[in-house]
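# Inside the fold
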Amino acid sequence: MNKNKADFGTGSMPKLILKQALPLALSQVAQLLYNIVDRIYIGHIEEESIAPLTGLGLTFPIISAILAFTLLFGQGGCPIFSINRGKGDIDKASRIMGNSFTLLTISGVILTLLVSILAKPLLYALGAGPESFPYAYSYLRIYVLGTIFVMIGTGMNLYITAQGSPITAMITTMSGAVLNLILDPIFIFTLNLGISGAAIATLISQVVSFLWVMRFFLPSFGGKAVIPLSRKSMHLEPSIVGSIVAMGFTGFVMEITNSLTQVVCNRTLKFYGGEMYVGIMTIVNSVRSIMGVAVNGIVQGAQPVLGFNYGAKKYDRVLSGIRYSCMFAFVYTAFAWAVVFFFPSFFIGLFSDDAVTNAVAVPYLHIFFMAYVFMSLQFSGQSTFMALGKAKRAIFFSLFRKVILVVPLTILLPRVMTDAVSGVFYAEPISNVIGGAASFTAMYFTIYRKLARKQS
């Protein structure tokens, strides 16, 4: 019964995609709540100061780097796991998943040690100043203790979705997120621990999510995985590790370049405007994170469906899946743009009580989101490349948008614009248009049209 439940080779493609995408989106909402709830509460610690939120924003590049390794070893294995499961090679799929688990565990331990030792110099290198450093360090030194839990919990939760149990994956992160929502005000305000309390609440919540994930994969604890996690499958195999890294390198590059972009933006904003504008960028990125959850759920939910049918050589279903995932992504990003455009003060007010900061932030939020709809093209193109095992192409377009477009524009635009700060924010919509169009066009001509010829 479980095998039939996880079969993506029959049934309506849009229904299969939405069935995967909706719980995955809710799961990502829950995952997002770990940080967003922290940002909301931290933004209100001091009513007349944005320093706590600025300090939190300075930790984002480090947190993004941790997520990058999670995607490298977690998300990297899922497409080839789905393809092998579609081929009926269950043993190979099991070994891929087991190798992912081992890689996540080892990298989690190493990153915990490195960040714990280098936290202070890292934060100063990322642009921390006298006002923001105490908040940044207080949060990071506790948050990093949960690295191994968040990496395994997030990385292995992707395999729960890939096995056709997206609702279980949703519950994984929902349980931790709800707990974080409850614990944050207790630790921050009731126990008067401030930003350290937010980190403690997040740490406890991540441990709970980790335990729920492990329960799913272990039959001895009542797990219901189609392909359970076994000790034998955890033995590292060079060929499998190489495949996982090759596929996961796309997500890794996306997050590492995201981290690089955050560093460049923060340092540029601090140079031209001061720490307040770093706080504004933290707010703007938080809004982008909120609005990006659904579209990420759509394209990531489509990946196991596309991968399964590609492995089964059902190319007509792959073409249908690409069309529907692109359409869903476009409609949603257009809706998200409209909401942000007409209600900017609502979103900014979630994160700050400072009236001056909020008034300054509105035009920058509008600039940042002005071409958001083009991100649907970026997401659709890269996700299709990932789902069908075309990792190198996905990596290229991730690098193209972030490294070749965003970073240089962030540095150059402030030098040629009257309002230097706005130049940092204009880098995003310009890169969305150029990068999104390039990614989608390449996917159409190198994947979609070729599959259409095979199908005919």
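None of the values given here were measured: they were computed from a predicted structure. (Residues numbered from 1 in each chain as written. Predicted model: local features only at pLDDT ≥ 70, side-chain atom pairs only at ≥ 80, totals over all residues. Heavy atoms only, no water.)

## Considerations on the overall build of the protein
Scanning the protein from N- to C-terminus turns up 17 helices and zero strands. Expected size for 456 residues packed as a compact globule is a radius of gyration near 23 Å; at 21 Å, the protein falls within 12% of this value. Split into buried and exposed, the 456 residues of the protein put 60% on the buried side. Surface summary for the protein: the accessible area is close to 17,900 Å², and the carbon and sulfur share equals 69%. Distance between charge centres in the protein, computed from 32 positive and 17 negative side chains, equals 20 Å. (Helix = DSSP H or I, 4+ residues; strand = E, 2+ residues; numbered from the N terminus. Rg over C-alpha atoms; globule rule 2.2 N^0.38 Å. Buried < 20%, exposed > 50% of the residue type's maximum accessible area, 1.4 Å probe, protein only. Areas by Shrake-Rupley, 256 points an atom, 1.4 Å probe, with all protein chains shown as cover. Lys, Arg positive; Asp, Glu negative; His and termini not counted. Charge placed at Lys NZ, Arg CZ, Asp CG, Glu CD.)

## A short note on the nonpolar core
Core analysis: the biggest nonpolar cluster contains 130 residues, and Tyr139, Met156, Phe217, Met291 and Phe425 have the highest contact counts within it. Top element by residues in this core is helix H11 (residues 275–311). It accounts for 16 residues. Grouped together as the second largest cluster of nonpolar side chains are five residues, Phe400, Leu405, Leu409 and Ala427 included. (Core = buried A, V, L, I, M, F, W, Y, C linked by side-chain atoms within 4.5 Å.)

## Description of the environment of Lys19
Take Lys19: it is sitting in helix H2 (residues 13–42). Sequence spacing of Lys19 and Ile167 is 148 residues, and the spatial spacing of their C-alpha atoms is 9.1 Å.

## Some points on the side chain of Thr112
Checked against the element boundaries, Thr112 lands in helix H5 (residues 90–125). Here Thr112 falls in the buried class, since its relative accessible area comes to 16%. Setting aside its immediate chain neighbours within four residues, Thr112 contacts Val144, Thr147 and Ile148. (Contact = heavy atoms within 4.5 Å.)

## What to know about the packing of aromatic side chains
Counted under the stated rule, the structure contains 25 aromatic pairs. With centroids separated by 5.6 Å and ring planes inclined at 15°, the aromatic side chains of Tyr444 and Tyr448 adopt a geometry described as stacked. One end of the pair, Tyr444, and the other, Tyr448, are both in helix H17 (residues 420–455), four residues apart, so they sit about a helical turn from each other. Looking at Tyr448, the relative accessible area reads 16%, which means it is buried. (Phe/Tyr/Trp six-rings, centres within 6.5 Å; stacked < 30°, edge-to-face > 60°.)

## Notes on H5
Largest kink in H5: about 70°, centred on Ala119, with the proline Pro121 one to four residues after it. Where H5 ends, the next residue or the one after it, Gly127, has phi of about 110°, a positive value. (Bend = angle between axes of the 7 residues up to and from the residue.)

## Thoughts on the confidence of the model for the protein
Taken as a whole, the protein shows an average pLDDT of 88; of its residues, 95% reach a score of 70 or greater. Within the model, pLDDT remains below 50 along residues 1–5, and this stretch shows five contacts once partners closer than five positions in the same chain are excluded. (pLDDT = per-residue confidence, 0-100.)

## Brief notes about the pattern of salt bridges
Under the criterion given, the structure shown has four salt bridges. Among the ionic contacts, a cluster of salt bridges with common partners joins Asp91, Arg95 and Glu237. (Salt bridge = Lys/Arg side-chain N within 4 Å of Asp/Glu carboxyl O.)

## Some details on a positive patch on the surface
Taken together, Lys87, Lys313, Arg393, Arg449, Lys450, Arg453 and Lys454 make up a surface patch of like positive charges. As for its position among the elements, Lys450 is in helix H17. (Patch = residues over 30% accessible without salt bridge, like charges linked within 9 Å, V, L, I, M, F, W, Y side chains within 5 Å.)

## Some details on the environment of Leu145
Structurally, Leu145 is set in the loop between helix H6 (133–143) and helix H7 (147–162). Separated by 217 residues in the primary sequence, Leu145 and Val362 place their C-alpha atoms 35 Å from one another.

## Overview of H7
End to end, H7 covers 23 Å across 16 residues, agreeing with the expected 22 Å (1.5 Å per residue, within 8%). Counting buried residues in H7 gives 14 out of 16 residues, a clear majority hidden from the surface. A positive backbone phi angle near 85° is found at Gly164, which sits one or two residues after H7. (Expected span 1.5 Å × (residues − 1).)

## Details of the packing of helix H12 (residues 315–342) against helix H15 (residues 375–387)
Following both chains from N to C, one finds H12 and H15 inclined at 155°, their axes separated by 9 Å at the closest point. Relative to H15, H12 is oriented roughly antiparallel. Our pair here, H12 against H15, has a crossing hand that is right-handed. Along the contact surface, H12 presents Ile322, Ser325, Cys326, Ala329, Phe330 and Thr333, while H15 presents Ser376, Ser380 and Thr384. Here the contact of H12 with H15 is composed, by residue class, of four nonpolar, five polar and no charged. (Axes fitted to C-alpha atoms, helices over the stretch in contact; angles between N-to-C directions. Parallel < 35°, antiparallel > 145°, perpendicular 65-115°, else oblique. Left-handed = near helix turned anticlockwise from the far one by under 90°. Nonpolar A, V, L, I, M, F, W, Y, C, P; charged D, E, K, R; others polar.)

## Focus on the packing of H6 against helix H9 (residues 194–217)
Axis separation between H6 and H9 bottoms out at 8 Å; the angle between their running directions is 20°. Between H6 and H9, the angle falls in the class roughly parallel. Where H6 crosses over H9, the handedness of that crossing is right-handed. The segment H6 lies against H9, with Tyr135, Ser138, Tyr139, Arg141, Ile142 and Tyr143 engaging Ile195, Ser196, Ala198, Ala199, Ile200, Thr202, Leu203 and Gln206. Looking at the contact of H6 with H9 residue by residue, the class counts come to nine nonpolar, four polar and one charged.

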